[in-house]
Each structure stands twice: as structure tokens, then as C-alpha cells.
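Architecture at a glance
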Amino acid sequence: MGSNRILVIGASAAGISAVKEIRSINQGVDITMITDEKYNPYYRPYLTEFIGNNRVLEKPNFFLNPDKWFAENRIGLVLGRRVTEINQPGKYLLDEKGEKHEYGKLILACGSRPFVPISGALEKKNVFSVRTLDDAKRTSQYATGIKKAIIIGGGLLGLETANSLMGLGVSVTVVELSDRILPVQLDAECSSIMEGILKKAGTDLVLCESVDSISGGEVATGVILKSGREIGTDMIIFSIGVRSNIDLAKNSGIKTNRAILVNERMETSEPDIYACGDAAEFMGKTIALWMPAVKQGKVAGSNAAGRTASFEQEEYPAVLNAFGTRLYSIGNKCLDEDEDRVKIIRKSDEAKGDFKKLFFLEEILVGAILIGNISDGQKISVGIKGRMKHNDILKMLDLQ
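On a predicted model such as this, the values are computed, not experimentally measured, just so you know. (Residues numbered from 1 in each chain as written. Predicted model: local features only at pLDDT ≥ 70, side-chain atom pairs only at ≥ 80, totals over all residues. Heavy atoms only, no water.)

**A closer look at helix 6 (residues 188-201)**
To keep it simple, the criterion reads: Under the scheme used here, helices are H or I runs from DSSP no shorter than 4 residues and strands are E runs no shorter than 2 residues, and both carry numbers assigned from the N terminus. The span one expects for a helix is its residue count, reduced by one, times 1.5 Å. Accessible area is worked out with a 1.4 Å probe on protein chains only. A residue is then buried under 20% of its type maximum, exposed over 50%, and partly exposed in between. Here, the arc refers to the directions that run from the helix axis to the C-beta atoms. By the convention used here, residues are in contact when the closest approach between their heavy atoms is within 4.5 Å.
Over its 14 residues, helix 6 extends 20 Å from the first C-alpha to the last, a length consistent with the 20 Å expected when each residue adds 1.5 Å. Along helix 6, the residues that are buried comprise Cys 190, Ser 191, Met 194, Glu 195 and Leu 198. All buried residues of helix 6 lie within an arc of 145° about the axis, which places them on one face of the element. Turned more than 90 degrees away from the buried face of helix 6, the exposed residues are Lys 199 and Lys 200. Contacts from the buried residues of helix 6 go to helix 5 (156-167), strand 12 (204-207), strand 21 (318-322), strand 22 (325-331), strand 24 (354-361) and strand 25 (364-371). Gly 202 lies just past helix 6 and shows a positive phi near 105°.

Written out as C-alpha cells, the structure is:
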């Protein structure tokens, strides 16, 4: 039976995408998913919103598939079980309860975990990071009724969390190591615009600073910055990125770097084993976003099912909906405007709070930032993928 079984470790974007593709190709193969979470697979990007609004659970698309979907598609789902060992020679897994799971093909969609650089920080009663639904539930419960919170990290998830907490009436301070917020998604000009929006909403921003330590005992009372400044708080949330879950693969002899190394077919260094999503590293990159995880899962599932498919690297947008505005960022924004090959187009409507910035290299659209009205986002994504020229994209967006 094991030789006709495809096992998938992980049941988020990449894992679900993989099993859907497998089943669409092969109706007879046995498929089993194993996840250490106790909930049916859900839409992880909703977790920061959940912190400020528990009714997110009621959204029809919060859970990726209803219970009956797994039964109808004959997909086994093992919840709340952590895999502890991959035995390659025997082609089986062992879980934490000692149960053996045989496989013919194996897909590692085991995701990532939050990066928390201060040892023991999460052992404190009021220090959190949010990666799972249980994390979000604990964070939301503690946030109810407190006055002040510190969020460490001024990226997308940190700002989404800040927005949710402020919706609960919590005063929020964001501590960011860079000299500006969203340093990965925005250039300096657009960071400044977003900072103005956050400050107007009441967010306190502390830039060019990192946290050296946490004050207090079992309950944190504040953070001490590298500069020596101390900021008091009722709650701390770390949101400074993730690290791929590679220990299981590494311990079984699968080649890893920052994540599990894969080729364009999502094949690892070992036969019949694939990796995708946050756990995978392709061409030196790990992309911790929902959309590429879905695409990588589809490729891994296709190849595991016997149909050749390849993953193509492309630009993926980052989107933020918080503080009364929306943000869309994609592509290369690190261009020197003084270079002859570079052209940058700006259009703003201060009354509406809208700002567009398009980046061209040798007349080809390579990046864009939209603040406020982001309805042109899909067109811009198509333009970047199609390497549209300056005049063509301006005409399409009615900017001439």
C-alpha cells in the first residue's frame, strides 16, 4: 500500500494545492496529509485580522475546504500529529506517537516558524508571535482590555497586527530596525507616505532601533532597546520574519540551506521526495507568500503524480489593507532615478489619498507601488510579467 501512497507533511497553502493537483491527475492513488495543527486547513493570512475580530472565523473562505471535501476526494487528513522522522531507506515516516506512515512519494510542505531572536521571550505570559490559529487566539484573548502593546517589526504582518490591536483600543508602538517601515516592499518616498498614514492613525513608530532585551519577570513590563531606551508595555508581539522548518529534512539527509533545496520540479536532493512553500528554497530564494506557495504546491503535486511540471520564478505582489488605506507593491523598486536607463512615473491625488509610482528600466515596466486606490494592481502584474513598455502600460492605465 505504501508504494501507492503520496504523503504530504503540512496542510496549508502548498500542501492543499499539492493534493488538489494530485487528485486531478490520478483518481486512484492513496493520499494522506499530516499536520501538527489540530484544525482543518485554513487561510493563514486572516490570522492578523482575527486578533482584532474573532468573527473572521465565520468567513466562508476561512477554512480552505469543508470536511466533506476531504472525504469526497478520498484524502486522508491526520490532525494534531507532528512527524519526528523520515526513514528514506524504508520509505516511511514516524510521528510523535510512534505511528508508522509508509509512502511511495513524499511532499514536504512543512512551512515555517516565527523568528524570535531573544531566548526565552515566548515563555513570558504576555509575549507572542503569530503563526497558527492557536497563536492568534492566545494573542487576541490577552489583548482584550490591555492599554499598550509593542510590535517588534515594521513589515506587512507587523502593521496588520498593529491595525487589529488599535481596533481594540490598544495604544501601539512599532519598533523597526530599518530607518523606515516596510523596507522590503517600499522605497524611501513611499515609506514616508505610509509613515504619515500610520502616525495620523495614532501609531507610535520607533525606527533605526532593535530590542536588546525584555524587562520584567514572568510577565514582561517593557523592552530595552540597543540605545538603552526602555519602553513600557502590557504586551509584546514579535513580527520580524520567519524561518523555514528544515530540521526534519536535514536530519534525514536531504540537502538544505536556509530552506530545503529544490529544483524547478520541486524535487529535493533525494528521490521521490519533494518540497514546496515556505519550506522550499529555489534558485537561492524562499518566498514566504501565499500565492507562490500555492503554485509550488501545484508543481510538486503534479510531478509526484507523474505529470511533469516546472515552477517559474516571477514577481509576486505584497498587499496591505490597514489604517484606512490599501497598499500594493510589486517588482523592482530599487532603481536610481538619475540613471539614464531608469524612468519613474508618479501620479498622486492628495484629496483621495491615492499615490501611484511606476518603475521602468530601459522602457520596460519592472516595479510599481500603489497606495490608496489599488484597482490597477492586476493590470500592473500582467504588465510586469509581459514586460510591457512605457507607453503601452501608461495607455492601459489611462495615465497619458
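**Some remarks on the environment of Arg 346**
Put simply, the rule reads: We call two N or O atoms a polar contact when they sit within 3.5 Å, provided that within protein one can donate a hydrogen and the other can accept it, with sequence-adjacent residues counted only if both atoms are side-chain atoms.
Its place among the elements puts Arg 346 in strand 23 (residues 342-349). Judged by its relative accessible area of 36%, Arg 346 is partly exposed. Taking the C-alpha atoms as reference points, Arg 346 and Leu 399, separated by 53 residues in sequence, lie 9.7 Å from one another. Among all residues touching Arg 346, those that are not within four sequence positions of it are Glu 189, Glu 337, Phe 355, Lys 356 and Lys 357. Of the polar contacts made by the side chain of Arg 346, one reaches the side chain of Glu 189; its length is 2.9 Å.

**A word on the packing of helix 1 (residues 13-25) against helix 8 (residues 290-304)**
In plain terms, the rule: As a rule, the C-alpha atoms of each element are fitted with a line to give its axis, helices using only the stretch in contact, and angles between N-to-C directions run from 0 to 180 degrees. If you view the pair so one helix is near and one far, a crossing is left-handed when the near helix is turned anticlockwise from the far one by less than a right angle, and right-handed when it is turned clockwise. For this classification, Asp, Glu, Lys and Arg are treated as charged, while Ala, Val, Leu, Ile, Met, Phe, Trp, Tyr, Cys and Pro are nonpolar and the rest, including Gly, are polar.
At a minimum axis separation of 7 Å, helix 1 and helix 8 run at an interaxial angle of 35°. Helix 1 and helix 8 meet at a crossing whose hand is right-handed. Here Ala 13, Ala 14, Ser 17, Ala 18, Glu 21, Ile 22 and Ile 25 of helix 1 lie close against helix 8, whose contacting residues are Trp 290, Ala 293, Val 294, Gly 297, Lys 298, Gly 301 and Ser 302. Of the residues assigned to the contact of helix 1 with helix 8, the class counts are eight nonpolar, four polar and two charged.

**Some words on the sheet that holds strand 16 (residues 236-238)**
Note the cut-off: Only strands joined by at least two bridges in the DSSP assignment are considered to pair.
Sheet architecture is open: five strands sit in the order 9-16-10-11-12, paired in parallel fashion. Two strands in the sheet have a free side with no partner beyond their single neighbour: strand 9 (127-129) and strand 12. Neighbour-to-neighbour, the strand axes of this sheet turn through a mean angle of 20°, independent of strand direction.

**Side note on the nonpolar core**
Stated formally: Definition of nonpolar core: a set of buried residues of the types Ala, Val, Leu, Ile, Met, Phe, Trp, Tyr and Cys, connected through side-chain atoms within 4.5 Å.
Of all hydrophobic cores here, the largest spans 50 residues; its most connected members are Met 33, Ile 86, Leu 93, Leu 106, Ile 107, Leu 108 and Ile 260. Look past the residues within four positions of Leu 108 in its chain and what remains in contact with it is Ile 9, Ile 86, Ala 249, Ile 254, Ile 260, Ile 273, Tyr 274, Ala 275, Cys 276 and Ala 279.

**Considerations on the sheet that holds strand 14 (residues 220-225)**
Read across the sheet, three strands follow the order 13-14-15 without closing on themselves; strand pairing throughout is antiparallel. Two strands bound the open sheet, and with one partner strand each, they are strand 13 (211-216) and strand 15 (230-232). Pairs of neighbouring strands in the sheet enclose a mean axial angle of 25°, with direction left out of account. Pairing analysis gives five bridges linking strand 13 to strand 14, with the strands arranged antiparallel. Bridge pairing in strand 14 links Ser 213 to Ile 224.

**Details of the pairing of strand 4 (residues 83-87)**
One ladder, built from four bridges, connects strand 4 with strand 5 (residues 92-95); its direction is antiparallel. Of the residues in strand 5, the one forming a bridge with Asn 87 is Tyr 92. Linking two consecutive strands that pair antiparallel, namely strand 4 and strand 5, is a turn of four residues; a positive phi of about 50° is found at Lys 91 within it.

Honestly, it's all geometry; don't read function into it.
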